[in-house]
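Summary of structural features
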Amino acid sequence: MNKKRPNVIVFMSDQQRYDTLGCTGNPVIQTPNLDRLAQEGIRFDRSYASSPVCMPSRAAVLTGRYPKNCGAWHVGVPLPESEPTAADYFKSAGYSTVAIGKMHLTNFHQMSDQGSGHIESVHRNKGFEPEYVDNFWRNFNGPYFGFEKIRLVLQHGNRTVGGGHYDLWLRDNHPDAVDLLDPEHALTPLTGAMQSWKASMPKELHFSNWIADETVEYLNEHTREHAEQPFFMLCSFPDPHHPMCPPAPYCDMYNPKDVPIPVPNRGELENMPPHHQKYYRGEVIETRLNMASHIYKTRGIAGTVGGDYPLCDMPEEHLREMIAHYYGLITLMDEAIGRVLNTLDQLGLSDDTIIVFNSDHGDLMGDHGLAFKGPFHYESIVKIPTIWRWPGHIQPNEATNALMSHVDVVPTLLDACDIDIPAGVQGVSQLPVLKGQTDTCRSWALVEHRENVGELQTKTLVTDRYKLTYYPAEPYGELFDLVADPKEYNNLWNSPKHHDLQSQLVKQLLEVQCLTEDPLPERIGYA
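Right, let's walk through the structure included here. Just so we're clear, the structure is a prediction, and the values are computed from it rather than from any experiment.

Let's talk about the overall build of the chain
- Helix and strand counts for the chain come out as 13 helices and 13 strands.
- On C-alpha atoms alone, the chain measures out to a radius of gyration of 22 Å, which is about the 24 Å that the 2.2 N^0.38 rule sets for 527 residues.
- Along the longest, intermediate and shortest principal axes, the C-alpha atoms of the chain span 65 × 65 × 50 Å.
- Looking at the chain residue by residue over its 527 residues, the buried ones come to 59%.
- Relative to all contacts within the chain whose residues are 6 or more apart in sequence, the contacts with residues 24 or more apart total 71%.
- Element-wise, carbon and sulfur atoms account for 48% of the exposed surface of the chain, whose accessible area totals about 20,900 Å².
- In the chain, the 44 positive side-chain charges and the 68 negative ones have mean positions that sit 2 Å from each other.

This is the structure:
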């Protein structure tokens, strides 16, 4: 009889910096469960997002294809329903497939002139009638992008209440708690810090806890009724993406005076592309959609609280509060992940389950005077925490500097589970690195961000030492020596001493652009 293939759980956080784990050297944050995962597996210290924003990165993780090719090239551009995902591949191989938590493969915010919307925009705050929203989520549980069963949390923070399965559960079982994530019900008066408050919702009712509840319930049910069938699971948390509104006790777990904050480097933005300074000064970066979002405008963020000032005027105490609350959300998520890990142990599944933990992208969180995310390719946004565990196959307590990309997740999992890697998957299998057979499987990583045609575009090449960011048709760019300048203070783009290096890396980026063209559809004849 053929040996059963391993189970797979992909944990994802949202907008989590690579340096916000105890195992990556953060001296303050408490992440005992993710630290345990790292001790029992391998930590990738140079793992890169495919994009600095949510939807393209999430699509890359689940398709193994670059955002420019899979179709979801920016937030607001849904992944086409025709695009196969890891869930499709695993389902075809006989796996049960389930997604719990945040997916964000289709739009949260649907433009009014573009039809009735996509599934993840069915939300009270998006023009849908409450009765329609409740009926929709009561009756829709999948399939969705290859996942046979889904239990979704939509959006972030207090906006998770309004649509999705979590919202429906909360309204059905705890109607008095529906508004308790809102800033109007905060435990203490608002300080004015950007998107930061102490939520009055009990931690037991928080969506991170609900995600753990749903995951544990699925694992118990699957083991009881389908023990011989392997499963592929996405367990995805909306935190620590802003707004930073942790419940007690996590909202007070970290003293703002104790959290590390970035060391300012005055004048560094003067040698950077102009949109960096505009963002810092709170000026609008114009796009065709003229979005009034945190990506393009930092003063008076639409539909949020606090931060009625440009980033250049942010008080230190506000930044410290934001970081303390951000850490609190991570610890809350870590405890939820710990419950899942403990359940795997109790059910005897740990040795037969591959676990991946990563994030869609990071957060500036004050680095370079900036905050949140957007068209910036600093390490704090594009380098992500990544841990793999597979007992008996991965040497425990290892860390590697091997370059890894979001697009590598799918081929590595398929390779580990002895499933053929389809032709359209563009990443490389990192299985040889996981098994200690080689030090690295790729010599570069590609990060891309684009707006509409004729607007801001960025193409970034990351190598073993350097990072180059190219802006098409612009005289400016970015070049950093990540060994000599790990905090990216000194842009070498205009340095005469580094002109030859710049030319060499631009040429390599052109080669990478050619190598990452879409291999689909495949050629099926000579004429």
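Following the structure, the description resumes.
A short note on the pattern of salt bridges
- All told, the structure shown has 27 salt bridges when counted by the stated rule.
- In this structure, Arg124 engages Asp134 in a salt bridge whose closest nitrogen and oxygen atoms are separated by 3.0 Å. With Arg124 in the loop between β3 (96-101) and α5 (130-139) and Asp134 in helix α5, this pair connects stretches of sequence that are 10 residues apart.
- Close ionic contact of Asp172 with Arg138 constitutes a salt bridge, the shortest N to O distance being 2.9 Å.

Concerning helix α11 (residues 409-416)
- Within α11, 7 of the 8 residues are buried, leaving the element largely enclosed by the surrounding structure.
- Within the span of α11, buried status applies to Val409, Val410, Pro411, Thr412, Leu413, Leu414 and Ala416.
- Following α11 by one or two positions, Asp418 adopts a phi angle in the positive range, close to 60°.

Overview of the packing of α5 against helix α6 (residues 164-173)
- It is the contact of α5 with α6, at a shortest axis distance of 9 Å, that shows an interaxial angle of 110°. Classified by the interaxial angle, the pair formed by α5 and α6 is roughly perpendicular. For the pair α5 and α6, the contacting residues are Asp134, Trp137 and Arg138 in the first and Gly164, His165, Asp167, Leu168, Arg171 and Asp172 in the second.
- Looking at the contact of α5 with α6 residue by residue, the classes come out as 2 nonpolar, 2 polar and 5 charged.

Examining the nonpolar core
- Core analysis: the largest hydrophobic core is formed by 80 residues, its most contacted members being Ile9, Phe11, Tyr166 and Met233.
- In terms of residue count, helix α9 (residues 316-346) provides more of this core than any other element does, 14 residues in total.
- Ignoring any residue separated from it by four or fewer positions in sequence, one finds Ile9 in contact with Phe231, Met233, Cys235, Val340, Leu344, Thr353, Ile354, Ile355 and Val356.
- Of all hydrophobic cores here, the second largest spans 53 residues; its members include Leu168, Trp388, Trp390 and Leu414.

Some words on unusual backbone geometry
- Here the bond from Ala248 into Pro249 is cis, since omega is 0°, no more than 30 degrees from zero.
- Looking at the element boundaries, Pro249 is found in the loop between β5 (231-240) and α8 (274-281).
- Geometrically, the link from Leu520 to Pro521 is a cis peptide bond, its omega value of -5° lying close to zero.
- Its place among the elements puts Pro521 in the segment after α13 (499-515).
- If you check the backbone angles, Gln155 has positive phi at about 65° while not being a glycine.

Focus on the pairing of strand β12 (residues 466-470)
- Extensive coverage of β12 is indicated by the burial of 4 of its 5 residues.
- Note that strand β11 (residues 457-462) and β12 share 4 bridges and pair antiparallel. Among the inter-strand pairings, Val462 is bridged to a residue of β12, identified as Lys467.
- If you look at the hairpin formed by β11 and β12, you'll find 3 residues sitting between the two strands.
- Here 5 bridges tie β12 to strand β13 (residues 477-481), and the two strands are oriented antiparallel to one another. Pairing of Leu468 across the sheet is with Leu479, part of β13.
- Here β12 hands over to β13 after 6 residues, with Ala473 in that stretch at a positive phi of 65°.

Focus on α8
- For α8, every residue scored as buried is listed here: His275, His276 and Tyr279. Along α8, the residues classed as buried sweep out an arc of 110° about the axis, all on the same side.
- Where the residues of α8 are buried, they touch β13.
- Positioned one or two residues after α8, Gly282 has a phi angle of 80°, which is positive.

A closer look at the environment of Ser443
- Structurally, the position occupied by Ser443 is in the loop between α12 (431-434) and β10 (445-450).
- A sequence separation of 20 residues divides Ser443 from Thr463, and the C-alpha atoms of the two residues are 6.1 Å apart.
- If we ignore the near neighbours within four places in the chain, the residues touching Ser443 are Leu403, Val462, Thr463 and Asp464.

A word on the sheet that holds β11
- With respect to topology, 4 strands assemble into an open sheet ordered β10-β11-β12-β13, the strand pairing being antiparallel. Edge strands, defined here as strands with exactly one partner in the open sheet, are β10 and β13. Sheet twist, expressed as the average angle between the axes of neighbouring strands with direction ignored, equals 10°.
- Against the sheet, α13 contacts β10, β11, β12 and β13, and its axis sits at roughly 70° relative to β12.

Reading the values: rules and limits
- Residues numbered from 1 in each chain as written.
- Predicted model: local features only at pLDDT ≥ 70, side-chain atom pairs only at ≥ 80, totals over all residues.
- Heavy atoms only, no water.
- Helix = DSSP H or I, 4+ residues; strand = E, 2+ residues; numbered from the N terminus.
- Rg over C-alpha atoms; globule rule 2.2 N^0.38 Å.
- Buried < 20%, exposed > 50% of the residue type's maximum accessible area, 1.4 Å probe, protein only.
- Contact = heavy atoms within 4.5 Å.
- Areas by Shrake-Rupley, 256 points an atom, 1.4 Å probe, with all protein chains shown as cover.
- Lys, Arg positive; Asp, Glu negative; His and termini not counted.
- Charge placed at Lys NZ, Arg CZ, Asp CG, Glu CD.
- Salt bridge = Lys/Arg side-chain N within 4 Å of Asp/Glu carboxyl O.
- Axes fitted to C-alpha atoms, helices over the stretch in contact; angles between N-to-C directions.
- Parallel < 35°, antiparallel > 145°, perpendicular 65-115°, else oblique.
- Nonpolar A, V, L, I, M, F, W, Y, C, P; charged D, E, K, R; others polar.
- Core = buried A, V, L, I, M, F, W, Y, C linked by side-chain atoms within 4.5 Å.
- Pairing = 2+ DSSP bridges.
- Arc of directions from axis to C-beta.

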